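# Notes for the structure review
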Amino acid sequence: MYTRVKTLVLILAYIEYVSSFDSRNVVFTIVSQQEPYHASVAKRLKENIETQVWELEERQPKVHVTHEDFPIPGAWTIIPLLRPLVTKYNGSDVRWVVFVESHTAVRCKRLIDALAAADRHKDTMWIGYPLRDDEPTIIHHFTFYEELEEEGGFVYPNFASGFAMRIQLMEQLLDQIERGDRKLEADFSIDPAFELAQLIYGDKTNPGPLLTADPSFCVVSADNCATYPRQFDICGSPIPESSIYFAVKTWSGFHSTRAKVVKKTWGKHVTNIMFYSDKDDPSLPAEAVGVPNTKTGHCLKTVTILQRVVERVRDLPHVKWIFLADDDTILGVQRLCEVLSCYRGGDDVTILGERYGYGYGKRETASKGYDYVTGGGGAALSVAGAAALGACACADPAAPDDMTLGACARILRLPLTHSPLFHQARPREYAREAVARDRPATFHRHEPRDPLRVYVTWFQHHDLPANRNWKDEL
């Protein structure tokens, strides 16, 4: 009799446990940046979540803004956040941790309902909107998991839509890392959602739980959505394109090919442009920088370009920004002017582009890891930001320029700001849902058979004079 009563009590306790899910069982984690615009967007999202939960349950939710609450190097890669979150909430009522970007829209009622439904299935360990690669891509290290094809392929969450993990899974991951069952071996951090999925899935000998697709995590807004990516706003009006100085890295072997593509596409829509090369070429125009060309790295060349451009714009007081591009960077001038309306140019130090990380993926180097803005997708630098980076030293003329500048920025404590609108690769190398989240600003690398195609498809319409929206006069 005692055994039956005890069993019944346990069953009732479990029923109460699974049926009483609310915001007390959830931690909202906004993966944020300290740059003023991004910080303000994260603050508004935090306040919005707090308001929604108060209206639903009359209690304060647990909401973290990572650049304030967990100012850890590489927090954007997620893995460094696991330990502090587990330490803080281990033994509490928390069952799920939700990770969102500052531009993720959150509908708390629907999100809590989705988590409550997932919580009832003990095998469901993490949920989100699943992305998959149709073929190996450079941004995912050309990794392709054929062994997962029968289970729907290797899927990873769309970070812009947010995703949620059981705190139990986070604890298991940390234990596996400590035991050596999960190895942190990556030198580079590129796509945190993909790399987190790699870590969770493990290998054939020790597989982890696959991401559970949940229709509440959306890529566009709909009535059933708990989360979805919001588009990036224009902050007032687009900046004048004449306030940007475009510095294009090239060499004489590409003057008649890549550089001509720039001239035929976005280059014809800008006022201030100079190609920096190993030889002068008035037809572009190109200016020799006095640095021998190297096949890789280009560190000394890039630093020399920055120094020259900063000196040149001293006589152009209307120029507030320097855009450093490769000769196969593809960009929308109108879109860039819209994006930069939200950031501080001129005398404020701003370094903006697509962020990669080095060193965060290995235990022995994580504390020394650093961010860097990838060169191929272009870097938007305030004049002060360009001047600061122009003082950096190269260990070797052929050292990787973007990584060297990132390491230097870390030493100088210069903030780097990530924009998902800048892209280091071609559009086809990203999941379709990810690249379509908003109008992009840049891509990198021409299509071999049709070098004009990416520009014509993504940017030409908005750069045509009839469709431009920047102010022509200062």
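Residues numbered from 1 in each chain as written. Predicted model: local features only at pLDDT ≥ 70, side-chain atom pairs only at ≥ 80, totals over all residues. Heavy atoms only, no water.

Bringing the sheet that holds strand 18 (residues 355-358) into the picture now. Reading across the sheet, the three strands line up as 9-18-19 and stay open at both edges, with antiparallel pairing between neighbours. Lying at the two open borders of the sheet, with one neighbouring strand each, are strand 9 (188-189) and strand 19 (370-373). Where strand 18 and strand 19 come together, four bridges link them in antiparallel fashion. In the strand pairing of strand 19, Gly357 is matched with Asp371. Sheet contacts for helix 12 (residues 401-412): strand 9, strand 18 and strand 19; angle to strand 19, the most-contacted strand, approximately 130 degrees. (Pairing = 2+ DSSP bridges. Helix = DSSP H or I, 4+ residues; strand = E, 2+ residues; numbered from the N terminus. Contact = heavy atoms within 4.5 Å. Axes fitted to C-alpha atoms, helices over the stretch in contact; angles between N-to-C directions.)

Turning next to the environment of Ala118. Relative to the assigned elements, Ala118 resides in helix 5 (residues 108-119). With 308 residues separating them along the chain, Ala118 and Arg426 place their C-alpha atoms 36 Å apart. Ignoring sequence-local partners within four residues, the contact set of Ala118 consists of Trp96, Thr124, Ile127 and Arg166.

A separate point is the sheet that holds strand 20 (residues 379-382). Across the sheet, seven strands lie side by side as 14-13-12-15-20-17-21; this open sheet has mixed pairing. If you trace the sheet from one side to the other, it starts and ends with strand 14 (286-288) and strand 21 (417-418), each paired once. In this sheet, strand 21 lies alongside strand 17 (residues 351-353) in parallel orientation, the contact comprising two bridges. Counterpart to Leu352 in the pairing with strand 21 is Thr417. Running over the sheet, helix 9 (residues 299-313) touches strand 12 (244-249), strand 13 (272-277), strand 14, strand 15 (321-326) and strand 20 and is turned about 155 degrees from strand 12.

Glancing now at the UniProt feature "domain: Fringe-like glycosyltransferase" (unreviewed entry) in the chain. Under the local residue numbering, the UniProt record ascribes the feature "domain: Fringe-like glycosyltransferase" (unreviewed entry) to residues 241-447. As annotated, residues 241-447 has a helix share of 26% and a strand share of 21%, and its two end C-alpha atoms lie 26 Å apart. (UniProt positions renumbered as here; feature names shortened; annotations may be inferred.)

As a further point, take the pairing of strand 15. With six of its six residues buried, strand 15 lies for the most part within the structure. With burial as the criterion, each face of strand 15 is covered, one bearing Trp321, Phe323 and Ala325 and the other bearing Ile322, Leu324 and Asp326. Looking at chain direction, strand 12 and strand 15 are connected through six bridges and run parallel. Its bridge partner lying in strand 15, Tyr245 is registered against Ile322. Inspection of the sheet shows strand 15 paired to strand 20 by four bridges, in the antiparallel sense. In the sheet register, Leu324 faces strand 20, and the bridge partner there is Ala379. (Buried < 20%, exposed > 50% of the residue type's maximum accessible area, 1.4 Å probe, protein only.)

Turning to the nonpolar core, a few remarks are in order. Ile244, Phe246, Trp266 and Phe323 are the most contacted members of the largest nonpolar core, which has 45 residues in total. With five residues, helix 10 (residues 333-340) is the largest single contributor of residues to this core. Among all residues touching Phe246, those that are not within four sequence positions of it are Glu241, Trp266, Val270, Asn272, Ile273, Met274, Phe323, Leu331 and Leu336. Of all hydrophobic cores here, the second largest spans 39 residues; its members include Val31, Val94, Leu131 and Phe154. (Core = buried A, V, L, I, M, F, W, Y, C linked by side-chain atoms within 4.5 Å.)

Attention now goes to the pattern of salt bridges. According to the stated counting rule, one finds 21 salt bridges in the structure shown. Put simply, Glu57 and Arg59 hold a salt bridge, and the shortest N to O gap is 2.7 Å. For Glu311, the salt bridge goes to Arg314, with nearest N and O atoms at 3.2 Å. What makes Glu311 partly exposed here is its relative accessible area of 49%. (Salt bridge = Lys/Arg side-chain N within 4 Å of Asp/Glu carboxyl O.)

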